[in-house]
Amino acid sequence: MAKLIVIMGPAGCGKSVVAARIAAARSATALDADDFHSRENIAHMAGGNPLTDAQREPWIAAMEKELHARLGNNENIVLAYSGLRRAHRARIRACAQRSLFIKLQVPIAQLQERVAKRQNHFMSAQMLPSQLAAMESPASEETIVQIAAHGSLDDVVESTLNAIRETFS
Ligand SMILES: Nc1ncnc2c1ncn2[C@@H]1O[C@H](COP(=O)(O)OP(=O)(O)O)[C@@H](O)[C@H]1O
Ligand SMILES: O=C(O)[C@H](O)[C@@H](O)[C@H](O)[C@H](O)COP(=O)(O)O
């Protein structure tokens, strides 16, 4: 049965780089939610404006479609996706029979530093407060494991792989 692992958290938490490393370690396909945005939504965010849930709708629908197709084809997926909204997480979770969400926890000062340093990305550090405000707590969601992700990339990857092994042993 194909598995879905979602690496989630606000911009700059490291989900894209961690998802790529996890996918390589587990012979899975890495997907990045950034690649499913419309040009309009990217331009909107690049202008310093957070998305509304209405603007997120076609983005979530595009990811659902891709996940259904790939998981239905027995492909294991590691998806880097912010997962800010609870209802959207439920829709992404429903695409797979077996799934695990891992939320990377990074203090805001470090998020600011990482986003500010990143080159050629539509998301600026000024968007971080809105990202954190839009993040609905995952506290009641059993399939979400939270991991401290302020350390080195190697440490974060190791903790993430351990959490995955514990769930999918
Ligand atoms: N654990 C880490 N330590 C140091 N830098 C990191 C770490 N994780 C990610 N980064 C760097 O921070 C920036 C943001 O990472 P990225 O994966 O793009 O975050 P996200 O996809 O969550 O927005 C990138 O330049 C990345 O190389
Ligand atoms: O509003 C949202 O639902 C998303 O979070 C959206 O703003 C965007 O896809 C990323 O968060 C930015 O890209 P990174 O998170 O990859 O930096």
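Residues numbered from 1 in each chain as written. Chains lettered and ligands numbered in written order. Predicted model: local features only at pLDDT ≥ 70, side-chain atom pairs only at ≥ 80, totals over all residues. Heavy atoms only, no water.

The protein chain carries the name Gluconokinase in an unreviewed UniProt entry, which gives Halioglobus maricola as its organism. In the Sequence similarities (unreviewed entry) part of its UniProt record, the protein chain is described as follows: "Belongs to the gluconokinase GntK/GntV family." Quoted verbatim from the Catalytic activity (unreviewed entry) field of UniProt, the annotation for the protein chain is "D-gluconate + ATP = 6-phospho-D-gluconate + ADP + H(+)". (UniProt positions renumbered as here; feature names shortened; annotations may be inferred.)

S.K.: For this particular structure, what's the right way to read the packing of helix α3 (residues 53-72) against helix α4 (residues 86-93)?
M.R.: When two helices pack together, their arrangement is given by the angle between the helix axes and the distance between those axes. Two elements in contact, α3 and α4, have axes whose closest approach is 10 Å; the angle formed by their N-to-C orientations is 15°. As far as their axial angle goes, α4 and α3 are roughly parallel. Once α3 is placed against α4, the crossing between them reads as right-handed. Along its contact with α3, which presents Asp53, Arg56, Glu57, Ile60, Ala61, Met63, Glu64 and Leu67, the element α4 presents His88, Arg91 and Ile92. (Axes fitted to C-alpha atoms, helices over the stretch in contact; angles between N-to-C directions. Helix = DSSP H or I, 4+ residues; strand = E, 2+ residues; numbered from the N terminus. Parallel < 35°, antiparallel > 145°, perpendicular 65-115°, else oblique. Left-handed = near helix turned anticlockwise from the far one by under 90°. Contact = heavy atoms within 4.5 Å.)

S.K.: What is the right way to read the site of ligand 2 from this model?
M.R.: Taken together, 15 residues lie around ligand 2, and Lys15, His37, Arg56, Ser82 and Gln131 are the ones closest in. Here an oxygen atom of ligand 2 sits 2.9 Å away from a polar atom, N or O, in the side chain of Asp34. One of the side-chain nitrogen or oxygen atoms of Ser82 is found 2.8 Å away from an oxygen atom of ligand 2. When grouped by side-chain class, the residues that make up the shell around ligand 2 number seven nonpolar, four polar and four charged. (Near = heavy atom within 4 Å. Polar contact = N/O pair within 3.5 Å; in protein donor to acceptor, adjacent residues only side chain to side chain. Nonpolar A, V, L, I, M, F, W, Y, C, P; charged D, E, K, R; others polar.)

S.K.: I tried to follow unusual backbone geometry on my own but got confused; where do I start?
M.R.: Comment: phi is negative for the bulk of residues other than glycine, and the bulk of peptide bonds are trans. Despite not being glycine, Ser27 has its phi angle at roughly 50°, a positive value. On the secondary structure map, Ser27 appears in the loop between α1 (15-25) and β2 (29-32).

S.K.: Help me out: how do you make sense of the sheet that holds strand β1 (residues 3-8) in this one?
M.R.: Hydrogen bonds between backbone atoms are what pair the strands of a sheet, whose relative direction is either parallel or antiparallel. Spatially, β2-β3-β1-β4-β5 is the arrangement adopted by the five strands of the open sheet, whose pairing is parallel. Across the chains shown, the open sheet's two edge strands, defined by having one partner strand only, are β2 and β5 (144-148). Taking the axes of each pair of neighbouring strands and ignoring which way they run, one obtains an average angle of 20° across the sheet. Where β1 and strand β3 (residues 77-80) come together, four bridges link them in parallel fashion. The partner of Ile7 across the bridge, within β3, is Ala80. Taken strand by strand, α1 contacts β1, β2, β3 and β4 (98-105), and its axis lies near 170° from that of β3. Lying on the sheet, helix α7 (residues 153-167) is in contact with β1, β4 and β5; it crosses β4 at an angle near 150°. (Pairing = 2+ DSSP bridges.)

S.K.: Can you walk me through the packing of α1 against α7 in this structure?
M.R.: At a minimum axis separation of 10 Å, α1 and α7 run at an interaxial angle of 55°. Taken together, the axes of α1 and α7 lie oblique to each other. For the crossing formed where α1 meets α7, the hand is right-handed. Residue-level contacts link Val17, Val18, Arg21, Ile22 and Ala25 of α1 to Leu153, Asp154, Val156, Val157, Thr160, Leu161 and Ile164 of α7.

S.K.: I would appreciate a short explanation of the pattern of salt bridges in the present structure.
M.R.: Once the charged atoms of two side chains with opposite charge are near each other, the side chains can pair. One pass over the full model with this rule turns up eleven salt bridges. In this structure, the salt-bridge partner of Arg56 is Asp53, at a minimum N-O distance of 2.8 Å. Taken together, the residues Arg56 and Asp53, both in helix α3 and three residues apart, mark about one turn of the helix. Relative accessible area serves as the criterion here: at 34%, Asp53 is assigned to the partly exposed category. The residue Arg85 makes a salt bridge to Glu136 at a minimum N-O spacing of 4.0 Å. (Salt bridge = Lys/Arg side-chain N within 4 Å of Asp/Glu carboxyl O. Buried < 20%, exposed > 50% of the residue type's maximum accessible area, 1.4 Å probe, protein only.)

S.K.: Looking at this model, I keep getting lost on the nonpolar core. Mind explaining?
M.R.: In globular proteins that are soluble, nonpolar side chains generally tend to be buried together. Ranked by internal contacts, the top residues of the largest apolar core, which has 32 residues, are Ile7, Ile22, Val78, Ile102, Leu104 and Ile164. Of all the elements in the fold, those that place two or more residues in this core are β1, α1, β3, β4, α5 (108-117) and α7. It is α7 that provides the largest number of residues to this core, a total of five residues. Apart from residues lying up to four places away in sequence, Ile164 is in contact with Ile5, Ile22, Arg26, Leu100 and Ile102. In this structure, Met63, Leu71, Ile77 and Met135 belong to the second largest nonpolar core, which totals 23 residues. (Core = buried A, V, L, I, M, F, W, Y, C linked by side-chain atoms within 4.5 Å.)

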